[in-house]
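Below, each chain spelled out in residue letters.
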Amino acid sequence: MSMFCFQCEQTAKGQGCTVCGVCGKKEDTANLQDEVISSLIELSKTKPNDETTLKIIEGLFTTITNANFDNESLKTMIKNPEYDMNKIWQGNEDVRSLKSLILFGLKGMAAYAHHAWVLGYKDETVNNFFYEGLSALEKDLSTDELIALVLKTGEVNFKCMEMLDRANTETYGNPEPTKVTKNIEAKPFIVITGHDLHDLKMLLEQTKDKGINIYTHGEMLPALAYPELKKYEHLKGNFGTAWQNQQKEFDNIPAPILFTTNCIMPVKDSYKDRVFTTAAVHYPQCTYIKADNNGYKDFTPVINKALELGGYKEVQKMPGINGGESLTVGFGHHTVLSVADKVVEAVKSGALKHIFLVGGCDGAKPGRNYYTEFVKQTPKNTLVLTCACGKYRFNDLELGDINGIPRLLDLGQCNDAYSGIKIAVELAKVFNCGVNDLPLSIVLSWYEQKAVCVLLTLLYLGIQNIKLGPSLPAFVSPNVLNVLVDKFKIAPTTTPEADLKEILTK
Ligand code: SF4
Ligand code: SF3
């Protein structure tokens, strides 16, 4: 075995990538990423300070799936990699499972902490837990101690998501319902993808008055709902569909693409010269945009590329995967809770029978149209809340409304699962019951490590009966799965028909 990685849903044979990654990550890159984590374990033994914390956050973030394929950049992050990660990968399977849940949860949380950090938001509990969680990885801890740390990862991530929600909404305003076009105008343009709103803001500032349009892609879509971002008239709409269609959709695109976070797929030659990366994303031979000491990024190379390529010659229609020509975004907790009385009234009158939260990551493996079919088959007297990039499976569907409330409500990015939790907690207060007693079901799709930290938060909050798909994580051992089933009644997704029937007849 020359490498070992099983951190994402598409891992080879549902067990682990041992020769090269299904994601395109090569053996040497995977091993360097292990050395980065080992270096961070060493760093976690030092006294916390901002400089070290940022190194830890950046190191964890860059090792998430589909973020860094560049060995040279990884090498710069390796220092004293004392701990051999193979001790975990080849050790007792339950310990491996619990330590993986902690490590992968930390990776997801690091991404959120980073987005908040660049906006000037930090939290001591969150930061200190990076040290605690990392240093636990090399310790001999009992199963009970590890389970407690797994749940603590969920607890701290809840704080982290709350911090990021505050960072985003205090900086850019509360998202408001916004209709987004999927048509691309005939003009030079830039596609920006990933989760980092601060990068988008800097790009918008630098491109105003330049005759360039900006289109979001993937997880950047919710940015179009923030008042302080949507005020830029050249932020036009959304390009393309799900992230895993990028190799086809970016093929010979007459515009540059800026990757601010995951998910970057192996870059094809037909568009390699127009891919730019920043923050945790690195790809060999693609231009990397570095922040200066004040965090400022000069996007001139991206801007010049857009002007050089010139954009499409005529308007390009890019419908969603179900043929829809527009999307509606901007239903964060602020908007949804502002019509909470309407929702409560609809439940009381019987017009609204059930609320589904169908959210999480998308991925390339077959079986993911479960989520399209599930949403299509939800009865007309139900609402569907969604967040993260898995929604591209159904976000162009026209589902109608219930007493003026749209049936499909896009909460935002994966970190905006926080909005879903806040809405559920508020509704539970109104109905004077627990969240588990609400007519609410959570159907999650997972792919990478941000979904892991969100799942751990839901478990920490005691939320039961989550359906998880399209397959269970390879790093959940049979014994750990038993705990999850016993304690949280977590279940794998089956078929949309059977799952809907089971949920609605409960
Ligand atoms: Fe395999 Fe996923 Fe790891 Fe890539 S990130 S090497 S696909 S498990
Ligand atoms: Fe998607 Fe990569 Fe996870 Fe933020 S962008 S959710 S997969």
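Residues numbered from 1 in each chain as written. Chains lettered and ligands numbered in written order. Predicted model: local features only at pLDDT ≥ 70, side-chain atom pairs only at ≥ 80, totals over all residues.

1. Brief notes about the overall build of the protein chain
So, step 1. Helices and strands together make up the secondary structure of the protein chain, namely 19 helices and 18 strands.
So, step 2. Its C-alpha atoms give the protein chain a radius of gyration of 22 Å, near enough to 23 Å, the size a compact globule of 506 residues would have.
So, step 3. Referenced to the eigenvectors of the C-alpha coordinate spread, the extents of the protein chain come out at roughly 60 × 60 × 40 Å.
So, step 4. Split into buried and exposed, the 506 residues of the protein chain put 52% on the buried side.
So, step 5. Long-range contacts, defined here as pairs at least 24 residues apart, represent 75% of the contacts in the protein chain between residues at least 6 apart. (Helix = DSSP H or I, 4+ residues; strand = E, 2+ residues; numbered from the N terminus. Rg over C-alpha atoms; globule rule 2.2 N^0.38 Å. Buried ≥ 20, exposed ≤ 12 C-beta atoms within 10 Å, placed from the backbone. Contact = placed C-beta atoms within 7 Å.)

2. A short note on the domain arrangement of the protein chain
Accessible area lost upon the coming together of the parts is a frequently used measure of interface size.
So, step 1. Entries for the protein chain in the domain assignment read domain 1 (12-171), domain 2 (178-317) and domain 3 (330-504).
So, step 2. Once you take the C-alpha centre of each, domain 2 and domain 3 turn out to be 29 Å apart.
So, step 3. Taken together, the contact pairs eleven residues of domain 2 with eleven residues of domain 3.
So, step 4. By residue class, the composition of the side of domain 2 that touches domain 3 is four nonpolar, six polar and one charged. (Domains from an automatic or database assignment. Nonpolar A, V, L, I, M, F, W, Y, C, P; charged D, E, K, R; others polar.)

3. Topic: the site of ligand 2
So, step 1. Lining the immediate surroundings of ligand 2 are 16 residues, of which Cys263, Cys361, Ala388, Cys389 and Cys414 lie closest.
So, step 2. Tallied by class, the residues present in the shell around ligand 2 amount to eight nonpolar, four polar and four charged.
So, step 3. When we break the shell around ligand 2 down by domain, the ones giving at least three residues each are domain 2 (178-317) and domain 3 (330-504). (Near = placed C-beta within 6 Å.)

4. A short note on the sheet that holds strand E16 (residues 440-445)
In any sheet, the strands associate via hydrogen bonds between backbone groups, in a parallel or an antiparallel arrangement.
So, step 1. Reading across the sheet, the six strands line up as E15-E12-E11-E16-E17-E18 and stay open at both edges, with parallel pairing between neighbours. Whereas interior strands pair on both sides, the edge strands pair on one side only; in this sheet they are strand E15 (408-412) and strand E18 (491-492).
So, step 2. Of the strand pairs in this sheet, E16 and strand E17 (residues 467-469) are connected by three bridges, and their pairing is parallel. Bridge assignment links Val443 to a residue of E17, and that residue is Lys467.
So, step 3. Contacting strand E11 (354-360), strand E12 (382-387), E16 and E17, helix H15 (residues 369-377) crosses the sheet at an angle of about 160 degrees to E11. (Pairing = 2+ DSSP bridges. Axes fitted to C-alpha atoms, helices over the stretch in contact; angles between N-to-C directions.)

5. Concerning the pairing of strand E3 (residues 189-193)
So, step 1. Along E3, five of the five residues are buried, which leaves the element largely enclosed by surrounding structure.
So, step 2. Across the two faces of E3 the burial is the same, with Phe189, Val191 and Thr193 and Ile190 and Ile192 all buried.
So, step 3. When E3 meets strand E4 (residues 213-217), the two strands line up parallel, connected through five bridges. Bridge pairing in E4 places Phe189 opposite Asn213.
So, step 4. You can see the chain leave E3, run along helix H8 (residues 197-207) and come back into E4, and the turn it takes is right-handed.
So, step 5. As defined by bridge partners, E3 adjoins strand E6 (residues 257-259) across three bridges and the pair is classed as parallel. When the bridges of E6 are listed, Thr193 appears paired with Phe259. (Right-handed = clockwise from strand over helix to strand, strands pointing away.)

6. Here's the deal with the site of ligand 1
So, step 1. Taken together, 13 residues lie near ligand 1, and Cys5, Cys8, Cys17, Gly21 and Cys23 sit nearest.
So, step 2. Class assignment for the residues of the shell around ligand 1 results in seven nonpolar, five polar and one charged.

7. Brief notes about the pairing of E4
So, step 1. For E4, a buried count of five out of five residues is recorded, marking the element as mostly surrounded by other parts of the structure.
So, step 2. In E4, alternate side chains face the same way, and those of Asn213, Tyr215 and His217 on one face and Ile214 and Thr216 on the other are all buried.
So, step 3. Looking at chain direction, E4 and strand E5 (residues 235-238) are connected through three bridges and run parallel. Across the sheet, the residue bridging to Thr216 is Asn238, located in E5.

8. Comments concerning the packing of helix H7 (residues 143-172) against helix H17 (residues 449-460)
So, step 1. Axis separation between H7 and H17 bottoms out at 7 Å; the angle between their running directions is 105 degrees. As judged from the angle between their axes, H7 and H17 are roughly perpendicular. In this structure, H7 uses Val150, Leu151, Thr153, Gly154, Glu155, Asn157, Phe158 and Met161 to contact H17, whose residues at the interface are Cys453, Leu456, Thr457, Leu459 and Tyr460.
So, step 2. Residue classes in the contact of H7 with H17 are distributed as eight nonpolar, four polar and one charged. (Parallel < 35°, antiparallel > 145°, perpendicular 65-115°, else oblique.)

9. Structural notes on unusual backbone geometry
So, step 1. Omega for the bond connecting Asn262 with Cys263 falls within 30 degrees of zero, at 10 degrees, which places this linkage in the cis form.
So, step 2. Mapping Cys263 onto the fold places it in the loop between E6 and helix H11 (269-272).
So, step 3. With an omega dihedral of 0 degrees, the bond running from Gly469 to Pro470 counts as a cis peptide bond.
So, step 4. Mapped onto the elements, Pro470 comes out in the loop between E17 and helix H18 (478-488).
So, step 5. Of note, the phi angle at Ala279 is positive, near 55 degrees, even though the residue is not glycine.
So, step 6. The topology assignment puts Ala279 in the loop between strand E7 (275-278) and strand E8 (287-289).
So, step 7. Classification of Ala279 as buried rests on a count of 26 C-beta atoms within 10 Å.
So, step 8. Although it is not a glycine, Asn403 sits at a positive phi angle of roughly 45 degrees.
So, step 9. Structurally, the position occupied by Asn403 is in the loop between strand E13 (401-402) and strand E14 (405-406).

10. Considering the environment of Ala351
So, step 1. You can see Ala351 is positioned in the loop between helix H14 (340-349) and E11.
So, step 2. Residue classification places Ala351 among the partly exposed residues on the basis of 14 C-beta atoms within 10 Å.
So, step 3. Separated by 283 residues in sequence, Ala351 and Asn68 place their C-alpha atoms 48 Å apart.
So, step 4. Not counting residues up to four positions away in its chain, the partners in contact with Ala351 are Ala346, Asn381, Ile402 and Asn403.

11. Observations concerning the environment of Asn245
So, step 1. Structurally, Asn245 is set in the loop between E5 and helix H10 (246-249).
So, step 2. For the pair Asn245 and Met265, spaced 20 residues apart in sequence, the C-alpha separation works out to 9.4 Å.

12. Here's the deal with H8
So, step 1. Most of H8 is tucked away: eight of the eleven residues are buried.
So, step 2. Inspection of H8 places Leu197, His198, Asp199, Leu200, Met202, Leu203, Leu204 and Thr207 among the buried residues, and these make up the whole buried set.
So, step 3. One or two residues past the end of H8 sits Asp209, with phi positive at roughly 65 degrees.

13. Comments concerning the environment of Leu43
So, step 1. Counting through the fold element by element, Leu43 comes out in helix H1 (residues 27-43).
So, step 2. Residue classification places Leu43 among the buried residues on the basis of 20 C-beta atoms within 10 Å.
So, step 3. Excluding residues that lie within four positions of it along the chain, Leu43 makes contacts with Thr52, Lys55 and Ile56.

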